[in-house]
Amino acid sequence: MAGEEATTSSEETLETTPTWAVATVVFVLILISIFLEYLLHLLAKYFNKKRRKSLIQALDKIKSELMLLGFMSLLLTVGEKPIASICIPRGVGESFLPCSDHPSNNGEEEAKCEAQGKVSLLSRKGVGELHYLIFVLAFFHCLSCVLTFSLGMAKMRRWESWEAETRTFAYQFSNDPRRFQLIHQTSFARRHLRFWSEHRFLSWPACFLRQFYASVSKVDYLTLRHGFITAHFAEGSNFDFQKYIKRALEKDFGVVVGISLWIWIFSMFFIFFNAHGFYNYLWLPFLPLLMLLLVGTQLQGIVTKMCLDSLDKSQVVRGTFLVRPSDHFFWFGRPKLLLHIMHFILFQNSFQLAFFTWTWYKFGFRSCFHQKTEDIVIRIALGVLVQILCGYVTLPLYALIVQMGTSMKKAVFPENVVQGLTRWRANARKNVALKNINTSSSTRPSLETSPSFSLHPSYTEEFDQPLSDSSDHLAVEIVKA
């Protein structure tokens, strides 16, 4: 104890530190901060140049999350001494410890609590270690989201060739609406209509295994594309389904990079269950994996249900196999629920990897947090497996099948069309307001002009209905140019 006091008293403060040393450290920190801010600015400028508004919004959300974590770190710094001064009974302070053979060890700052026969709620050293955990968590969460969506986008690149094939003469000839065939003769039906399709206890294991082999096949993509376009657009529309999925996935990325309140609550449970005696390494790392496999199985099951639904309505196929998008195929009729589940999976997996990295850095590879070899192997192996499986298998499957809901997303319009619609609607409302005010004026504002926005050299969008006070929707028709 005397040695610790001598060491503490010999530590230098800013009063005895050269001013040039303080100025140098501050200058280096400022340079690093400006450099990082400049990189984020260049990235936002690049997204703006490419008109990727969804990615700009995701980048802004990342900045806000980093600011939140920085604010938490600031609160810990300011409240370090008050937190260490909170005294609790020794019996409570020595319960739910992460290590069974390491009793709580308070420093000099907690002498006040020790004199009362109590222990500090959280020592100053513990507050400092918590700082590291916050920054490691922020890094791993951002890295996990970027890697996951990068893997998903890489696998979805092959869809570009499938989309281009739909504009060839051979594809149009083979899917001519004047051609009829039995439903069991189609490739999509042969893939999904098996002896186990109508039996729940047999279809779930089959859907579970299918997600690991050709989770998104060419025939699935083309059939779901045809069902989506038939449900929302005119027959024969030259809509680019692949680009629409890409825009929708970019919007979903903005949701995943955020951290909501209920995500933080589950994270607190994760920290709590790291106490000795819960044996969390035997079950906690498996939770994201099991949830991910359940989501993948459900997504494959939705495709099978849509196939069975079409079979019940008709035994004959006209042209291409037609599936009918509907929300009732999804859990609780909410397609967006799958996105929130994947959000939870990604954050919890990145949290576990961040927690493992933090304990390794602060306490060593063989600390009391990871005394057993199987603990280390399970955490690392499952963390990497969930990351790869989510990005390369489940995410592309989700991106395609979530479009099979009843309604289409706003991402169906390119960004320039959305901006044009917004401006036109604002001008129309302004003109209607002026018309109501100046009813006696001879100059009447005209709302009959319908805007036309070019989406692609092969088609345009025309709006045939003027906007009125009571109308919040537009009638949209996609026609060839």
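Because the structure is a prediction, the values reported are computed rather than measured.

Some details on the overall build of the chain
A count of helices and strands for the chain gives 18 helices and 7 strands. A buried classification covers 43% of the 481 residues belonging to the chain. Contacts spanning at least 24 positions in sequence make up 77% of the contacts within the chain whose residues lie at least 6 apart. Of the roughly 27200 Å² that the chain leaves accessible, carbon and sulfur atoms contribute 63%.

Focus on the environment of F180
As for its position among the elements, F180 is in strand β3 (residues 180-182). Assessed through its relative accessible area of 57%, F180 is described here as exposed. Linking F180 and V316, residues 136 residues apart in sequence, is a C-alpha distance of 6.8 Å. Those residues in contact with F180 that lie beyond four places of it in its chain are V316, V317 and R318.

Quick notes on the pattern of salt bridges
In the structure shown here, the tally under the stated rule is 4 salt bridges. For E163, the salt bridge goes to R167, with nearest N and O atoms at 3.8 Å. Residue classification places R167 among the partly exposed residues on the basis of a relative accessible area of 28%. A salt bridge links R191 to D220; the nearest nitrogen and oxygen atoms lie 3.0 Å apart. Taken together, the residues span a long stretch of sequence, with R191 in helix α10 (residues 187-192) and D220 in helix α12 (residues 218-232) at a distance of 29 residues. Assessed through its relative accessible area of 3%, D220 is described here as buried. The network of salt bridges with common partners includes E163, R167 and R225.

A closer look at the packing of aromatic side chains
Using the criterion set out here, one finds 24 aromatic pairs in the structure. Plain terms: the ring middles of W262 and F266 are 6.0 Å apart, the flat faces sit at 85° to each other, and that makes the pair edge-to-face. Remark: F266 and W262 occur in helix α14 (residues 261-272); sequence separation between them is 4 residues, near one turn of the helix. Here a set of aromatic residues connected by ring pairs shows up, and it is made of W159, W162, Y221, F228, F239, F241 and Y244. Against the face of Y392 rests K155, its NZ or CZ located 5.0 Å from the ring centre. Just above the ring of Y132 sits the side chain of K362; from NZ or CZ to the centre is 4.1 Å.

So, a nonpolar patch on the surface
On the surface, a cluster of nonpolar side chains totalling about 860 Å² of accessible area is made up of F27, V28, L31, I32, F35, L36, Y38, L39 and L42. Looking at the secondary structure, you find F35 in helix α2 (residues 19-49).

Describing the packing of helix α11 (residues 200-210) against helix α15 (residues 286-313)
Where α11 contacts α15, the two axes come as close as 8 Å, and the packing angle between them is 110°. Our classification of the angle between α11 and α15 gives roughly perpendicular. Judged by the twist between their axes, the crossing of α11 over α15 is right-handed. Across from W204, C207, F208 and R210 in α11, the residues of α15 making contact are L293, L294, T297, Q298, Q300, G301 and T304.

Concerning the nonpolar core
Among the nonpolar cores identified, the biggest contains 68 residues, and F241, I245 and Y398 are the most heavily contacted of them. Looking at this core, the element that brings in the most residues is helix α17 (residues 373-401), giving 12 residues. Residue contacts for Y398: discarding those within four places in its chain leaves L249, D252, L299, L338, L339, M342 and K409. Counting residues in each nonpolar core, the second largest holds 24 residues, with A138, I259, F351 and F369 among its members.

Some thoughts on the confidence of the model for the chain
In the predicted model, the chain carries a mean pLDDT of 77, and 85% of its residues have values of at least 70. Residue range residues 1-9 is modelled with pLDDT below 50. Its contacts to residues more than four positions away, or to other chains, number 2 contacts. Taken together, the stretch residues 443-450 has pLDDT below 50 and engages in 13 contacts with residues farther than four places along the chain or on a different chain.

Some thoughts on the environment of P396
Relative to the helices and strands, P396 resides in helix α17. Considered as a pair, P396 and M156 are 240 residues apart in the sequence and their alpha carbons are 6.5 Å apart.

A look at the side chain of Q242
Along the polypeptide, Q242 turns up in helix α13 (residues 241-256). Not counting the four nearest positions on each side in its chain, Q242 is found in contact with M156, W159, E160, E163 and Y221.

What about α17?
Since the α-helix turns once every 3.6 residues, residues separated by three or four places project in the same direction. Here α17 contains 29 residues, and its C-alpha end-to-end distance of 40 Å stays within 8% of the 42 Å for a straight helix at 1.5 Å per residue. At C390, α17 is deflected by roughly 45°, the largest bend along its length.

Calculation notes
Residues numbered from 1 in each chain as written. Predicted model: local features only at pLDDT ≥ 70, side-chain atom pairs only at ≥ 80, totals over all residues. Heavy atoms only, no water. Helix = DSSP H or I, 4+ residues; strand = E, 2+ residues; numbered from the N terminus. Buried < 20%, exposed > 50% of the residue type's maximum accessible area, 1.4 Å probe, protein only. Contact = heavy atoms within 4.5 Å. Areas by Shrake-Rupley, 256 points an atom, 1.4 Å probe, with all protein chains shown as cover. Salt bridge = Lys/Arg side-chain N within 4 Å of Asp/Glu carboxyl O. Phe/Tyr/Trp six-rings, centres within 6.5 Å; stacked < 30°, edge-to-face > 60°. Lys NZ or Arg CZ within 6 Å of the ring centre and 35° of its normal. Patch = residues over 30% accessible without salt bridge, like charges linked within 9 Å, V, L, I, M, F, W, Y side chains within 5 Å. Axes fitted to C-alpha atoms, helices over the stretch in contact; angles between N-to-C directions. Parallel < 35°, antiparallel > 145°, perpendicular 65-115°, else oblique. Left-handed = near helix turned anticlockwise from the far one by under 90°. Core = buried A, V, L, I, M, F, W, Y, C linked by side-chain atoms within 4.5 Å. pLDDT = per-residue confidence, 0-100. Expected span 1.5 Å × (residues − 1). Bend = angle between axes of the 7 residues up to and from the residue.

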